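Working through the structure, step by step
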Amino acid sequence: MLNSMRKFTPFFLFFFTLCFVEAGIMAEYSDARSRGGGRSFRSTPAQKAPVTQNQKPATEQKQPGMGRGLMGGLLGGAIGGMLLGSMFGMGGTGMGILPFLLLGIVAFFMYRRFTAARSSGGASPGYQAPASGGFKAPPQAPPKTALEEGLDLIRIADPGFDKDYFVQVASDVFYKVQAGWMRRDISSYRNLLGEQLAAEYEVQFAEMESKGEINKLENISIRKVELVSAGSENGEDFATVLFTANLLDYTVDDKSGELLSGSMTEPVKFAEEWTWARPLGTEDWKLEGIKEV
């Protein structure tokens, strides 16, 4: 009989371990170009959009161990009652050795049959399997990326915000800024820039003019453009677009046309993050910062 009880020991340990684990889970719920500058923004949203988590009902979480736990409890109760009855006598009503052995043998074979049925994929005797899908938890949506959470923040005040359209407009601004850079002229796109970035550009243009230099940017080809970051912070929405491109980048003397730096024939590759921002509740997007990646 001791050997039979030892067979239950791993099961009881496993069952109680699952209970403790489950309780723990429930408790924790550059080159010549120098166009970079301007303001900086977080690469991820300052706050996360609320995400509803679907929690499993307690009954569903405990179901996988229910059949085994029930069978173990019944067998343990029967054996415990027999042991107490024979140990203390209960006024001469304790069970004799033969019934004890017979019940022990029955319990042993019930346990063997139950475990055999479980290992072969069948159901235990007297146990009716639940209907298909009875214990399945509802599927959980994959966690959102930082970009998706940031877009959710923007769409709180602007439900119609279209990231694809935003990227198209950003590409148009990209070409317009490059063209103005070569002319050393900010007037054609001054309204598209934030105050800090515009002031820095004006300083750089004045410096190039004083040196008699023109920075040429030709044959610009965008290889990839994508929205990489978005969100809301400090009373502003922001969105960052990553441009991966190549171009001819060289500097010449503005009078003689003499090559001063760079190459007129060898294209260079670059990647830059351009960040736009606007006050909450407005459509007044401004290019606020450019950062070389």
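The following refers to the structure shown. Nothing here was measured: the structure is a model prediction, and the numbers come from that model.

Counting buried positions over the 18 residues of strand 3 (residues 236-253) gives 16, a clear majority of the element. Here strand 2 (residues 213-233) runs beside strand 3; their pairing, made up of 17 bridges, is antiparallel. Of the residues in strand 3, the one forming a bridge with Gly231 is Phe238. Following strand 2, the chain reverses through two residues before pairing antiparallel with strand 3; Asn234 in that reversal takes a positive phi of roughly 50°. Sheet topology places strand 3 next to strand 5 (residues 268-279); twelve bridges connect them, and they run antiparallel. Note on strand 5: the bridge partner recorded for Phe243 is Glu272. Of the strand pairs in this sheet, strand 3 and strand 4 (residues 259-262) are connected by three bridges, and their pairing is antiparallel. The residue of strand 4 that forms the bridge with Val252 is Leu259. With antiparallel pairing between neighbouring strands as the criterion, strand 3 and strand 4 make up a hairpin whose turn holds five residues, including Gly257 at a positive phi of roughly 75°.

It is worth spelling out the nonpolar core at this point. Counting 33 residues, the largest nonpolar core has Phe166, Leu193, Tyr201, Trp274, Trp276 and Leu287 as its most contacted members. Mapped by element, the contributors of at least two residues to this core are helix 5 (146-157), helix 6 (163-183), helix 7 (195-211), strand 2, strand 3, strand 5 and strand 6 (286-292). The element best represented in this core is helix 6, accounting for seven residues. Beyond its immediate chain neighbours, meaning those up to four positions away, Trp274 contacts Val173, Phe174, Val177, Gln178, Ala239, Thr240, Val241, Phe243, Leu287, Gly289 and Ile290.

Let us now look at the environment of Tyr201. With respect to the helices and strands, Tyr201 occurs in helix 7. Note: C-alpha distance between Tyr201 and Gly36 (165 residues apart in sequence) is 9.3 Å.

Another point: the side chain of Thr240. Summarising the element assignment, Thr240 is placed in strand 3. Thr240 has contacts with Glu226, Leu227, Val228, Ser229, Glu273, Trp274 and Thr275, leaving out every residue within four places of it along the chain.

Two elements in contact, helix 6 and helix 7, have axes separated by 10 Å at closest approach and are oriented at 35°. Facing Val177, Gly180 and Trp181 of helix 6, the residues of helix 7 in contact are Tyr201, Gln204, Phe205 and Met208. Partitioned by chemical class, the residues of the contact of helix 6 with helix 7 number five nonpolar, two polar and no charged.

About the cut-offs
Residues numbered from 1 in each chain as written. Predicted model: local features only at pLDDT ≥ 70, side-chain atom pairs only at ≥ 80, totals over all residues. Heavy atoms only, no water. Buried < 20%, exposed > 50% of the residue type's maximum accessible area, 1.4 Å probe, protein only. Helix = DSSP H or I, 4+ residues; strand = E, 2+ residues; numbered from the N terminus. Pairing = 2+ DSSP bridges. Core = buried A, V, L, I, M, F, W, Y, C linked by side-chain atoms within 4.5 Å. Contact = heavy atoms within 4.5 Å. Axes fitted to C-alpha atoms, helices over the stretch in contact; angles between N-to-C directions. Nonpolar A, V, L, I, M, F, W, Y, C, P; charged D, E, K, R; others polar.

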